[in-house]
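These are the residues of each chain, in order.
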Amino acid sequence: MNCLDCAIAGRDVPAVGICQSCGGGVCISGIQFDTHVLAGVGSPGPSDRHATRLVTCESCAPVIETMHPVDYDASGAIPGN
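On a predicted model such as this, the values are computed, not experimentally measured, just so you know. (Residues numbered from 1 in each chain as written. Predicted model: local features only at pLDDT ≥ 70, side-chain atom pairs only at ≥ 80, totals over all residues. Heavy atoms only, no water.)

Topic: the confidence of the model for the chain
For step 1, the next point in the chain: Model confidence for the chain is summarised by a mean pLDDT of 79, while 73% of its residues fall at 70 or above.
For step 2, the next point in the chain: Within the chain, the lowest mean pLDDT, 54, falls on strand E5 (residues 72-73), and the highest, 96, falls on strand E2 (residues 25-26).
For step 3, the next point in the chain: Under a pLDDT of 50 for its full length, residues 76-81 has, in the predicted model, nine contacts with residues more than four places off or in other chains. (pLDDT = per-residue confidence, 0-100. Helix = DSSP H or I, 4+ residues; strand = E, 2+ residues; numbered from the N terminus. Contact = heavy atoms within 4.5 Å.)

Shown next as structure tokens:
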């Protein structure tokens, strides 16, 4: 599989990951590798929060960060801790 953004630009560059938002292939120069926090629903009691890796492309990363600023942190830190 090749990088979607590079293919659109007319370049054949192999993908190293798949964007978890749009599903497009992402090359090493365009990959956004960040931390996403998943919170399980705990009833009764507090929810559990677990940091996971999130692979996105350069197009989707700013949208995800804008839509979910509490659960997405490009610095790699776990929000709320």
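Quick word on helix H2 (residues 60-67)
For step 1, the next point in the chain: Looking only at H2, the buried set comprises Cys60, Ala61 and Ile64. Take H2 and look down its axis: the buried residues cluster within an arc of 100 degrees, on one side only. (Buried < 20%, exposed > 50% of the residue type's maximum accessible area, 1.4 Å probe, protein only. Arc of directions from axis to C-beta.)

Digging into the nonpolar core
For step 1, the next point in the chain: Counting six residues, the largest nonpolar core is built from Cys19, Val26, Leu54, Cys57, Cys60 and Ile64.
For step 2, the next point in the chain: Among residues more than four places away in sequence, those in contact with Cys57 are Asp5, Cys19, Cys22, Val26, Gly30 and Gln32. (Core = buried A, V, L, I, M, F, W, Y, C linked by side-chain atoms within 4.5 Å.)

Considering the environment of Glu65
For step 1, the next point in the chain: Note that Glu65 resides in helix H2.
For step 2, the next point in the chain: Each C-alpha atom of the pair Glu65 and His36 lies 9.7 Å from the other, and the pair is 29 residues apart in sequence.

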